[in-house]
Amino acid sequence: MNEILDVFAESGDKIVEALVETGYMVLAAIVAAVLLGLPLGTLIFLTRRGGLVENRPVWIAAELYVTIVRSFPFLLFVVFMIPVTRMVFGTTFGTTAASFPLAFVAIAIYARLVEQILLELPSGILTAARSMGANIWQTVTKFLYVEARSGLVYALTSATISFVSYSTVLGVVGGGGIGDFALRYGYQEYQFTLMYTAIVLTIAAVLVLQTAGHLISRALDKR
């Protein structure tokens, strides 16, 4: 216990800074997932064979993006994105630049989860929407999203936990974060108490995210 207190006394500011960096990267990924991953997953669902607005070229393009990005080993994807990141931000180092490849992966991960959740909805929902004369926008927002809201939140929670895991890799491009902190100042400098403290803090953050997401999902589930 005394060793842990000593860790916070000596490195408390650095730990807080690392946690803030991780939070920044994960938040950027969540925003990208919601703003772009949600509509992308919906687009794949709508344009699939037999979908409400079946469109093979659009479906193939969206499906290829999701499949290719998700199948890329994340560290290699970060390296692959270096030229694009440099073109957009003028640098590949720093928390903001490091968040860029993570956002691409977040979009692909959540899009696939959204598609799967919408596919699992009862077909009667679409029938009810048609019978009421709903257009595509109304069908999606007033019927599909309403019925799927609990699952969408739970899926976002699961995706967010993956984002936390992926963010630990971003230290290789100067992204910082709690994972990079544990490796750089803990493992490489043989300060194992510091490393284990960082790991425990990461696990605690994940547990908080999981619990919050689960509670919100249950509150939205009206079945």
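This is a predicted model, so every value here is computed, not measured. Starting from 1, residues in each chain are numbered consecutively following that chain's sequence as written. With pLDDT at 70 or above as the cut-off, local features in this predicted model cover only qualifying residues; side-chain atom pairs require 80 or more to be listed or tallied, and sums for whole chains, interfaces and linings still use all residues. Computation of side-chain values covers all heavy atoms of the structure but excludes hydrogens and water.

Student: Which residues make up the packing of aromatic side chains, and what values go with them?
Tutor: In summary, the pairing rule links any two rings of Phe, Tyr or Trp, Trp by its six-membered ring, whose centres are within 6.5 Å, and it sorts them by plane angle into stacked for under 30 degrees, edge-to-face for over 60 and tilted for everything else. A full pass over the atoms with the stated rule returns 6 aromatic pairs. When the centroid spacing of 5.0 Å and the interplanar angle of 80° are considered together, the rings of Phe100 and Phe104 count as edge-to-face. Pair noted here: Phe100 and Phe104 are both in helix α5 (residues 95–119), with a separation of 4 residues, about one helical turn. When accessible area is computed with a 1.4 Å probe and restricted to protein chains, residues below 20% of their type maximum are described as buried, those above 50% as exposed, and intermediate ones as partly exposed. For Phe100, a relative accessible area of 18% gives the class buried. Here Phe104 falls in the partly exposed class, since its relative accessible area comes to 25%. An aromatic cluster of at least three residues, connected via ring pairs, comprises Phe72, Phe77 and Phe80. Across the ring face of Phe45, the terminal group of Arg48 is positioned such that the distance to the ring centre comes to 4.4 Å. Secondary structure follows DSSP: runs of H or I at least 4 residues long count as helices, runs of E at least 2 residues long count as strands, and numbering of each begins at the N terminus. Charge over a ring is defined by NZ of Lys or CZ of Arg lying within 6 Å of the ring centre and within 35 degrees of the ring normal.

Student: Talk me through the environment of Ile125; I want residue IDs and the actual numbers.
Tutor: Looking at the element boundaries, Ile125 is found in helix α6 (residues 124–131). Considering only alpha carbons, one finds Ile125 and Leu144, 19 residues apart in sequence, at a separation of 7.2 Å. Look past the residues within four positions of Ile125 in its chain and what remains in contact with it is Phe143, Leu144 and Glu147. Working rule for contacts: check all heavy atoms of both residues, and any pair within 4.5 Å makes them a contact.

Student: Could you give me a rundown of the environment of Phe192, with the residues and numbers involved?
Tutor: Structurally, Phe192 is set in helix α9 (residues 192–220). Look at Phe192 and you get partly exposed, because its relative accessible area is 35%.

Student: Go over the packing of α6 against helix α7 (residues 136–167) with me, naming the residues and quoting the values.
Tutor: Helix axes use the C-alpha atoms of the stretch in contact, all axes being lines fitted to C-alpha atoms, and the angles between their N-to-C directions lie in the range 0 to 180 degrees. The contact between α6 and α7 brings their axes to 10 Å, and the two run at 155°. Relative to α7, α6 is oriented roughly antiparallel. In terms of crossing hand, the pair formed by α6 and α7 is right-handed. Residue-level contacts link Ile125, Leu126, Ala128 and Ala129 of α6 to Thr139, Phe143, Leu144 and Glu147 of α7. Gly counts as polar in this scheme, as do all residues outside two lists: the nonpolar Ala, Val, Leu, Ile, Met, Phe, Trp, Tyr, Cys and Pro, and the charged Asp, Glu, Lys and Arg. Broken down by class, the residue content of the contact of α6 with α7 amounts to 6 nonpolar, 1 polar and 1 charged. Working rule for angles: under 35 degrees goes down as roughly parallel, over 145 as roughly antiparallel, 65 to 115 as roughly perpendicular, anything else as oblique. The crossing is said to be left-handed when, going from far helix to near helix, the turn is anticlockwise and less than a right angle, and right-handed when the turn is clockwise.

Student: I'd like a description of the UniProt feature "transmembrane region" (unreviewed entry) in the protein chain, backed by residues and values.
Tutor: Summarizing the sequence annotation, UniProt attributes the feature "transmembrane region" (unreviewed entry) to residues 24–46, 58–82, 88–111, 152–174 and 194–216 in the numbering used throughout. Annotated as 100% helix and 0% strand, the span residues 24–46 places its first and last C-alpha atoms 32 Å apart. UniProt positions are given in the numbering used here, feature names are shortened, and annotations may be inferred rather than shown by experiment.

Student: Got a sec to walk through the pattern of salt bridges? Specific residues and values, please.
Tutor: Salt bridges are counted wherever a side-chain nitrogen of Lys or Arg sits within 4 Å of a carboxyl oxygen of Asp or Glu. Going through the model one piece at a time under the given rule, you end up with 2 salt bridges. Two residues, Arg112 and Glu63, come together in a salt bridge whose shortest N-O distance is 2.9 Å. Here Arg112 is found in helix α5, whereas its partner Glu63 is found in helix α2 (residues 56–71), with 49 residues between them in sequence. Taken as a pair, Arg112 and Glu63 share a single burial class, namely buried. With its nearest N and O atoms 2.5 Å apart, the salt bridge here joins Arg112 to Glu115. Here Arg112 pairs with Glu115, and both are found in helix α5, just 3 residues apart, close to one helical turn. There is no split in this pair, since Arg112 and Glu115 are both buried. Within this structure, Glu63, Arg112 and Glu115 form a network of salt bridges that share partners.

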